[in-house]
Protein chains: 2
Amino acid sequence: MTSKYDVGLERRGANFRPLTPLHFLDRAADVYPDRTAVIYGESRYTWRMFAQRCRQLASALISAGIERGDTVSIFSLNTPAMLEAQFGIPLSGAVINCLNSRLDAPAVAFILAHSEARIVLVDRQLAPVAKEALRLMEAPPRVIDIDDPAGADFPLLGDTEYEAFIAAGDPSAELRWPEDEWDAIALNYTSGTTGDPKGVVYHHRGAYLNALGQIINGRMTGARPVYLWTLPLFHCNGWCFAWALAAVGGTQICMRKVSAEGMYEAISEHGVTLLCGAPIVLGFLADGAPSGWTRPAAPIRVLSGGASPPAPVFKRLAELGFEVVHLYGMTEMHGVTTLCEPQEAWDDLDIDERMKHVARQGVRAVLADEMIVGDPVTLQPVPRDGQTIGEVFMRGNIAMKGYLKNPRATEEAFAEDWYHTGDLAVIHDDGYIEVKDRSKDIIISGGENISSIEVEEALYSHPWVAGAAVVAVPDPKWGETPCAVVELKPGAPGGITEADIIRYCRERLAAYKCPRHVLFEPLVRTATGKLQKFRLRTHAAEQLAAKGRI
Amino acid sequence: MTSKYDVGLERRGANFRPLTPLHFLDRAADVYPDRTAVIYGESRYTWRMFAQRCRQLASALISAGIERGDTVSIFSLNTPAMLEAQFGIPLSGAVINCLNSRLDAPAVAFILAHSEARIVLVDRQLAPVAKEALRLMEAPPRVIDIDDPAGADFPLLGDTEYEAFIAAGDPSAELRWPEDEWDAIALNYTSGTTGDPKGVVYHHRGAYLNALGQIINGRMTGARPVYLWTLPLFHCNGWCFAWALAAVGGTQICMRKVSAEGMYEAISEHGVTLLCGAPIVLGFLADGAPSGWTRPAAPIRVLSGGASPPAPVFKRLAELGFEVVHLYGMTEMHGVTTLCEPQEAWDDLDIDERMKHVARQGVRAVLADEMIVGDPVTLQPVPRDGQTIGEVFMRGNIAMKGYLKNPRATEEAFAEDWYHTGDLAVIHDDGYIEVKDRSKDIIISGGENISSIEVEEALYSHPWVAGAAVVAVPDPKWGETPCAVVELKPGAPGGITEADIIRYCRERLAAYKCPRHVLFEPLVRTATGKLQKFRLRTHAAEQLAAKGRI
């Protein structure tokens with residue numbers, strides 16, 4: 001029987017519009033036309049100007065032949081053009097693909113070919129890599145050069161410069177809004193710690209909702225949010241913050257290169273209220289405060305992904321006036337899925353006890369819908385004992401559409417209608433999760449699970465360890481055993497031996513968790529700064545075999 | 001051609017879930033189990049307890065035979081039961097219908113019958129009206145009594161008391177989440193200034209989005225939002241704030257009766273950060289500050305609908321530490337569609353100039369999608385000159401599904417795929433709108449439009465005018481002419497004449513806008529405090545005819 005609540009009450013233009021973050025741009029231009037939207041060195045763009053430039057970019061792309069569902073890539077640092085692309089490219093009907101500026105030419109070539117990019121916008125400083133990438137391609141896309149003064153020493157690759165390109169765009173042209181909120185808006189390639197990168201496709205609906213979620217996560221409802229772009233925009237479209245900032249009419253400060261000096265200068269000059277970043281950003285802030293720095297009246301919110309900052313850094317940042325919130329996420333979920341929401345009861349804890357709480361990945365964000373930590377096969381939730389390791393599963397409206405042209409990977413990732421993060425975690429009695437390892441990286445020794453992250457944390461606490469990675473190597477007795485690859489700090493005293501490191505670990509970890517082997521060598525990372533542990537495992541096994549150790 | 005961005009990338013359980021504000025309850029209970037959710041006199045409920053009670057209510061309703069798509073009504077003041085109903089009723093699969101506590105028995109009977117309510121929850125204090133309403137009905141719904149001590153003098157109507165009813169509910173029973181985000185969640189009857197009330201149906205999607213929007217409008221992303229319930233929950237489900245508060249894990253303070261004393265007590269005792277209400281609430285705050293009141297460190301945000309507060313009230317509230325934001329909306333759009341976003345440039349204006357800006361209805365809220373002020377027939381936007389009057393049209397995801405069992409009214413309201421507000425406004429050069437009148441209430445005199453609101457504002461500025469309403473009456477020469485119905489303040493000096501009032505208006509308004517007739521009598525208002533101008537028009541014409549004036 002049809003309900004009385006459905007008869008004559010269907011969706012229609014008056015009460016249904018596809019969700020998309022692109023409309024936030026219109027509103028910001030209408031409501032805050034004269035407020036500064038973007039600051040870049042000496043340049044300033046108001047929301048009116050910024051919106052006009054975005055519309056011009058969209059119009060110029062349409063004139064250049066871009067059709068709905070095409071891909072337009074951008075290979076740039078955090079510049080105004082990169083921000084404009086977040087709106088201008090999707091407003092042309094195309095899907096925006098931001099390339100990681102640290103990629104090498106073969107990876108760039110792979111992505112441009114796989115995404116079938118029709119146009120790529122290239123910051124001049126990245127022209128050498130782009131040039132080589134284009135040379136590797138059979139059918140390279142058209143290039144629009146972004147002629148930033150910082151790239152003056154580098155070649156121009158295309159026939160058109162960005163400013164000239166958008167100047168030809170008509171800001172009042174009709175643009176291409178999504179026909180359905182499930183339409184793709186963005187394409188972000190994962191860094192590929194295992195094999196070729198996969199293209200994560202975002203939908204307008206998820207991007208809209210995640211932008212609203214970031215307003216809550218970032219506490220951006222103050223009178224005047226000022227956001228510092230320390231997070232690369234090529235990471236999950238800057239965790240969707242460019243769209244969120246438009247929703248609240250905030251001010252954004254672009255930085256080509258993150259440095260302590262640059263950050264503190266921006267904070268002092270522009271009254272930054274919020275920034276995001278990896279632990280390295282926290283390190284810069286903790287170590288780089290200028291002399292005479294005074295705590296701001298209201299703390300500056302810092303959302304930090306990746307490894308949790310060590311207690312002294314956390315403490316130092318609090319003293320300097322930064323309120324750090326640790327979070328966790330992945331490209332497949334728009335970047336932020338959990339955050340360590342602080343509880344009032346933690347305020348009374350001493351710093352060490354407090355760190356145990358705030359260093360966790362936390363609870364699901366408001367817009368992240370559902371999460372379980374469960375058995376990787378049955379998905380049965382693990383007990384909330386802080387001990388039992390399970391895989392983290394997420395689902396909800398901020399999950400990706402899937403992987404581009406990779407149905408097998410999409411089905412695997414979404415098996416059982418949950419997104420399989422591949423991360424292993426425990427869940428504490430208060431419901432906060434703590435990520436222990438990538439499922440691929442867990443070490444199973446004599447039937448015991450050893451978290452490589454836990455061993456790495458012990459190693460990182462050593463005063464002379466600059467970097468550490470722990471991987472499984474074969475062991476005749478235990479099946480697998482931990483092997484540590486350790487990079488010492490420059491200036492470390494000579495004579496630190498394998499036995500020293502193992503002894504150091506023994507003082508801090510249960511014996512079965514301690515590395516049996518230690519290799520001293522520099523750690524090789526990917527363009528996004530990640531260790532490729534599958535490579536390191538093979539490498540460590542080869543090294544140890546060569547030495548007759550295994 | 002199918003796009004590569006659609007192949008193998010369809011919606012599925014992992015990346016799509018119907019939007020609904022009900023899930024915010026789960027998260028609040030998970031993340032803030034021990035934080036106070038509700039304060040009511042001496043009672044306290046944590047989010048864990050509150051969520052449990054909501055689930056028990058849902059389970060008990062299901063046990064009582066409630067099916068998906070049924071209506072469950074509640075006739076109550078702002079109590080914990082009223083808050084629990086916002087979650088518990090829709091979690092049973094039913095649509096929640098909150099009855100205005102000021103309605104009379106025939107109106108309650110009409111709504112219970114029209115909505116086909118199966119169960120009605122009745123606060124004991126409202127039992128006399130409810131009893132009479134049920135007596136008027138052929139098939140009255142089952143009654144659950146909410147036995148509040150404040151109603152001890154009144155009868156119990158049903159066979160079950162609320163606490164006993166929910167105690168029998170199973171908090172771990174399986175509940176009924178929406179199958180589609182377009183499913184109905186709530187039903188709110190408009191006050192019916194013209195004829196029978198119309199039942200406005202809300203969908204889960206709109207309620208979810210509007211709740212997120214209120215977090216932004218209310219600046220609720222601080223560490224610990226504390227909300228004071230001065231706005232009746234029967235107005236648009238309290239503008240969706242019960243759902244918004246769950247999303248941010250805030251604390252809510254219930255008040256049965258709004259008074260200056262009660263508000264200031266709650267503010268002092270619980271650190272209120274936000275409240276909403278009609279101008280009367282502002283009046284209480286402005287006039288009722290206790291001696292020794294000191295401004296709070298951070299201003300308390302006040303969202304105020306209805307008529308704009310007079311400048312002295314606004315100024316006084318600012319001095320007392322309240323930051324008032326004027327807004328505008330209607331039941332059909334979830335209550336809040338525009339707000340007067342303050343601009344930095346206004347800070348430097350003197351109070352009178354500033355009032356001209358902040359007293360306007362403002363700009364569309366972030367989640368309100370689209371608005372035009374345009375010709376009522378062609379919808380062609382009027383110029384942004386602050387002079388030309390047009391009708392306000394809205395559209396977007398926070399518009400209602402439509403009117404229950406009233407397809408004709410739905411089609412009329414949504415003609416041309418825009419919601420016709422029936423309100424007349426001008427739009428200023430900065431894009432801010434200023435509502436001038438209901439379209440039905442505009443007076444057309446000699447071809448000129450006269451805003452009844454503008455004339456009323458002039459009358460209200462008179463030191464002895466307590467209330468004023470201006471309506472059109474027939475005029476042989478001008479077609480229509482303004483007639484003012486004026487209620488004088490108690491203690492007004494005798495001898496204030498019609499001529500005095502007209503002269504007063506002449507000093508403030510263009511001559512053609514001044515009332516030609518003035519009637520001195522008390523103003524009769526509806527249960528929601530609105531004037532029924534269609535009745536007043538007839539009444540004024542009769543009075544003047546009886547006096548031989550027209």
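What comes next concerns the included structure. Worth saying up front: this structure is predicted, and the values here are computed from it rather than measured.

Remarks on the packing of aromatic side chains
Argument step 1. Under the defined criterion, the tally for this structure stands at 22 aromatic pairs over all chains.
Argument step 2. Ring centres of Phe-24 of chain A and Tyr-208 of chain A lie 5.2 Å apart, and the angle between their planes is 20°; this geometry places the pair in the stacked category. Taken together, the residues span a long stretch of sequence, with Phe-24 of chain A in helix 1 (residues 23–31) and Tyr-208 of chain A in helix 7 (residues 204–217) at a distance of 184 residues. In this structure, Phe-24 of chain A and Tyr-208 of chain A share a single accessibility class: buried.
Argument step 3. Here the aromatic rings of Tyr-227 of chain B and Phe-241 of chain B are separated by 5.0 Å at their centres, their planes lie at 15°, and the arrangement is stacked. You can see Tyr-227 of chain B sitting in strand 10 (residues 226–228) and its partner Phe-241 of chain B sitting in helix 9 (residues 241–248), a full 14 residues away along the chain. For the pair shown, Tyr-227 of chain B and Phe-241 of chain B are each scored as buried.
Argument step 4. Taken together, the ring pairs connect Trp-47, Phe-50 and Phe-87 of chain A into an aromatic cluster.
Argument step 5. Over the aromatic face of Trp-418 of chain A sits the side chain of Arg-395 of chain A, whose NZ or CZ is 4.7 Å from the ring centroid.
Argument step 6. Directly above the ring of Tyr-403 of chain B sits Lys-198 of chain B, whose terminal nitrogen or CZ lies 5.2 Å from the centroid.

Thoughts on the pairing of strand 14 (residues 322–328) of chain A
Argument step 1. Burial of strand 14 of chain A is extensive: six of the seven residues sit out of reach of the surface.
Argument step 2. Handedness of the strand 13 (residues 300–304) of chain A-helix 12 (residues 311–320) of chain A-strand 14 of chain A crossover: right-handed.

Re the interface of chain B and chain A
Argument step 1. Contacts between the two partners involve 76 residues from chain B and, on the opposite side, 76 residues from chain A.
Argument step 2. Summed over both sides, the interface between chain B and chain A buries roughly 6,500 Å², with carbon and sulfur atoms accounting for 49% of that surface.
Argument step 3. Our count for the chain B to chain A interface comes out at 22 salt bridges.
Argument step 4. A salt bridge links Glu-411 of chain A to Arg-12 of chain B; the shortest N-O distance between them is 3.0 Å.
Argument step 5. On inspection of chain B and its partner chain A, the count reaches 47 residue pairs in polar contact (both at pLDDT 80 or more).

Calculation rules
- Residues numbered from 1 in each chain as written.
- Chains lettered and ligands numbered in written order.
- Predicted model: local features only at pLDDT ≥ 70, side-chain atom pairs only at ≥ 80, totals over all residues.
- Heavy atoms only, no water.
- Phe/Tyr/Trp six-rings, centres within 6.5 Å; stacked < 30°, edge-to-face > 60°.
- Helix = DSSP H or I, 4+ residues; strand = E, 2+ residues; numbered from the N terminus.
- Buried < 20%, exposed > 50% of the residue type's maximum accessible area, 1.4 Å probe, protein only.
- Lys NZ or Arg CZ within 6 Å of the ring centre and 35° of its normal.
- Right-handed = clockwise from strand over helix to strand, strands pointing away.
- Contact = heavy atoms within 4.5 Å.
- Buried area = accessible area lost by both parts, 1.4 Å probe.
- Salt bridge = Lys/Arg side-chain N within 4 Å of Asp/Glu carboxyl O.
- Polar contact = N/O pair within 3.5 Å; in protein donor to acceptor, adjacent residues only side chain to side chain.

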